[in-house]
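Analysis of the macromolecular model
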Amino acid sequence: MVNATPALHPSLARVLWWDQLPTELTEPIGRPLDQDTSADVAIVGAGFTGLWTAYYLKQREPDLDIVVIEKEIAGFGASGRNGGWASAHFPQDDLAVARHAGVDAARAFRTTMNASVDEIGRVADSHGWDIGWAKGGSVIAARTESQALRMKTAYQHEQAAGLEPNYELLTADQAQARIKATGVLAGTYTPHCAAIQPARLVRNLARQVVSSGVRLFENSPATSIEPGIVRTSKGCVRARYVLRCTEGYTPNIPGQHRTLLPVYSLMVATEPLPSQAWDDIGLDGRPTFADGRHLVIYGQRTADDRIAFGGRGAPYRFGSRLDPASETNSAIHHDLQRTLREMFPVLSNYRFTHAWGGALGIARDWWASVGLDRTSGMGWCGGYVGDGVTTANLGGRTLAALITGATDDPLVHAPWVDHRSRPWELEPARWIATSVGMKVVSSADRVESATGKTSLRGRLMGSLTGH
Ligand SMILES: Cc1cc2nc3c(=O)[nH]c(=O)nc-3n(C[C@H](O)[C@H](O)[C@H](O)COP(=O)(O)OP(=O)(O)OC[C@H]3O[C@@H](n4cnc5c(N)ncnc54)[C@H](O)[C@@H]3O)c2cc1C
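Owing to the predicted nature of the structure, the values given are computational and were not obtained by experimental measurement.

Re the overall build of the protein
- On a plain count of helices and strands, the protein comes out with 14 helices and 18 strands.
- Its C-alpha atoms give the protein a radius of gyration of 21 Å, within 12% of the compact-globule value 23 Å for 467 residues.
- Considering only C-alpha atoms, the protein reaches an extent of 60 × 50 × 45 Å along its principal axes.
- Among the 467 residues that make up the protein, the fraction classed as buried is 50%.
- Pairs at least 24 residues apart make up 77% of the contacts formed inside the protein by residues separated by at least 6 positions.

Details of the domain arrangement of the protein
- You can read the domains of the protein as domain 1 (10-82 + 198-261 + 365-413) and domain 2 (429-467).
- A straight line from the C-alpha centre of domain 1 to that of domain 2 covers 34 Å.

Side note on the pairing of strand β10 (residues 229-232)
- Side chains of β10 alternate between two faces, with V230 and T232 buried and I229 and R231 left unburied.
- Where strand β9 (residues 222-226) meets β10, four bridges bridge the pair, whose relative direction is antiparallel. Of the residues in β10, the one forming a bridge with S224 is R231.
- Joining the antiparallel neighbours β9 and β10 is a turn of two residues, in which G228 adopts a positive phi near 80 degrees.

Quick word on unusual backbone geometry
- Omega for the bond connecting E427 with P428 falls within 30 degrees of zero, at 10 degrees, which places this linkage in the cis form.
- Inspection of the secondary structure assignment puts P428 in the loop between α12 (388-403) and α13 (429-451).
- The backbone phi angle of E247 is positive, close to 30 degrees, even though this residue is not glycine.
- With respect to the helices and strands, the residue E247 is situated in the loop between β11 (235-244) and β12 (261-270).
- Although it is not a glycine, D418 sits at a positive phi angle of roughly 65 degrees.
- You can see D418 is positioned in the loop between α12 and α13.
- On the basis of neighbour count, D418 is assigned to the partly exposed category, with 14 C-beta atoms found within 10 Å.

Describing the site of the ligand
- Within the structure, the ligand sits among 46 residues, and G45, G47, G77, G83 and G388 are positioned closest to it.
- Across the shell around the ligand, the residue classes break down as 19 nonpolar, 21 polar and six charged.

Concerning the pairing of strand β15 (residues 307-311)
- Buried residues dominate β15, accounting for five of its five residues.
- On β15, burial covers both faces: I307, F309 and G311 on one face and A308 and G310 on the other are all buried.
- Bridging between β12 and β15 involves four bridges; their strand directions are antiparallel. Bridge pairing in β15 places A269 opposite A308.
- Of the pairings in the sheet, the one linking strand β14 (residues 297-301) to β15 comprises five bridges and is antiparallel in character. If you follow Q300 over to β15, its bridge partner there is A308.
- Where β14 folds back onto β15 in an antiparallel hairpin, the turn is made up of five residues, including D305, whose phi is positive at roughly 65 degrees.

Let's talk about α12
- Counted at 1.5 Å a residue, the expected span for α12 with its 16 residues is 22 Å, and the 21 Å between its end C-alpha atoms agrees.
- Counting buried residues along α12, 16 of its 16 residues qualify, which places the element largely inside the surrounding structure.
- At the C-terminal side of α12, G405 shows a positive phi close to 70 degrees.

Here's the deal with the packing of helix α5 (residues 94-101) against helix α6 (residues 103-127)
- Here α5 crosses α6 at 135 degrees, and the two axes come no closer than 7 Å. Accordingly, the angle class assigned to the pair α5 and α6 is oblique. As for the relative orientation of α5 and α6, their crossing is right-handed in sense. For the pair α5 and α6, the contacting residues are D94, V97, A98 and A101 in the first and V103, A105, A106, F109 and R110 in the second.

Cut-off values and rules
- Residues numbered from 1 in each chain as written.
- Predicted model: local features only at pLDDT ≥ 70, side-chain atom pairs only at ≥ 80, totals over all residues.
- Helix = DSSP H or I, 4+ residues; strand = E, 2+ residues; numbered from the N terminus.
- Rg over C-alpha atoms; globule rule 2.2 N^0.38 Å.
- Buried ≥ 20, exposed ≤ 12 C-beta atoms within 10 Å, placed from the backbone.
- Contact = placed C-beta atoms within 7 Å.
- Domains from an automatic or database assignment.
- Pairing = 2+ DSSP bridges.
- Near = placed C-beta within 6 Å.
- Nonpolar A, V, L, I, M, F, W, Y, C, P; charged D, E, K, R; others polar.
- Expected span 1.5 Å × (residues − 1).
- Axes fitted to C-alpha atoms, helices over the stretch in contact; angles between N-to-C directions.
- Parallel < 35°, antiparallel > 145°, perpendicular 65-115°, else oblique.
- Left-handed = near helix turned anticlockwise from the far one by under 90°.

What follows is the structure in structure tokens.
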């Protein structure tokens with residue numbers, strides 16, 4: 001451990017979750033790499049993916065020598081800033097997984113995803129971590145007729161394919177009993193989601209892996225990742241296995257700029273709300289919530305009774321450029337506040353205290369994937385499209401199983417293992433397609449909200465995203 005506690009990076013200082021951390025969780029956990037070293041496994045990126053991988057590798061083989069190399073500090077990326085939905089969502093729905101791998105495989109994968117939510121809670125409990133956990137499920141309100149129709153149709157399609165939907169359809173009364181938002185016409189509910197405080201989870205996890213003997217090098221950006229070697233400006237790490245766990249930041253790694261598209265998701269949080277406000281909002285038991293619009297929104301009632309609420313819509317930057325300015329896009333933050341107050345008018349009486357953002361990664365076919373090339377020793381996991389909290393836990397367990405050669409473990413045969421997505425288009429095609437796509441999605445929501453009718457543009461987006 002290093003003693004001095006430097007000021008938080010400005011990107012993190014804005015984040016509700018980091019603002020809430022006790023000092024012992026903001027103190028540096030690792031030190032910078034300052035000389036060449038070697039290990040059995042070198043993991044690049046200390047978010048959920050990299051840290052869960054280290055955690056489960058140590059569970060399987062305590063003697064493995066593992067190094068984690070982090071550009072900033074553990075949890076700096078999306079893992080320390082997200083909406084805290086530990087959901088059982090995978091970026092492709094069950095129908096798409098069934099089309100790809102068959103109904104039985106899709107069913108088994110659904111069970112695995114559901115169990116992964118509980119696995120996070122189990123590990124946190126086993127170490128005594130307070131991660132603000134509430135397994136209140138997730139409620140999605142249908143607030144236009146077209147949203148309600150989409151939910152019903154998706155449910156029927158899953159049944160017709162021989163799948164058991166992982167959620168129930170709600171009538172207007174049933175939905176309003178869970179979420180008292182304006183204009184709720186119907187909805188869905190799944191019990192398979194927990195609300196968490198993600199920075200508490202990622203920082204506790206980092207401390208745990210270090211205490212189990214993993215060497216964590218913070219403030220050590222990898223300048224290249226190649227078979228057998230990770231280079232930084234101050235030294236390199238030679239290892240039999242090299243794992244890329246950099247999700248939304250992947251385009252910055254040499255040779256990887258078309259692997260994942262970086263997309264910024266932005267969030268706001270209210271002050272803690274008194275019980276009379278919650279009488280008007282609902283969300284008893286802290287289910288995470290959203291509505292059925294195309295341009296994703298997501299919210300949770302936090303352990304200290306705020307609402308943390310986020311959404312997409314920040315513009316894509318030409319060349320997949322990662323730009324911290326995207327995290328402070330005031331127009332999007334303002335839209336998020338407006339949307340939340342429109343859902344819950346009582347919020348006009350209360351303040352918003354935090355506004356922040358972060359980058360997530362999307363593969364060309366919107367599939368997350370995990371894999372290990374045994375010949376080169378290179379492994380990867382990511383492309384979660386905003387469903388990474390739980391999937392990264394599964395990814396960490398899967399990478400650990402792959403590296404330790406556990407060929408009899410069902411995890412290594414799941415439909416996303418070794419899935420290869422083709423690279424994103426060269427610019428300017430990537431910029432044009434992404435910018436047009438974003439506009440189509442926003443206008444589809446506007447049309448549906450104004451007319452109540454299902455928008456053709458929304459259907460077009462559905463076909464682009466594989467849902
Ligand atoms: C605002 C927001 C809200 C979200 N909400 C949810 C949600 O509610 N539920 C959900 O399931 N998912 C959500 N997500 C997505 C989820 O947070 C991510 O998918 C997940 O945290 C990814 O974890 P990771 O470890 O793969 O990546 P990250 O947490 O991004 O970690 C990658 C790490 O790699 C480091 N790194 C980058 N480049 C280098 C380099 N060259 N050398 C060394 N290190 C490097 C970064 O600093 C970072 O710490 C959200 C994402 C965002 C941004």
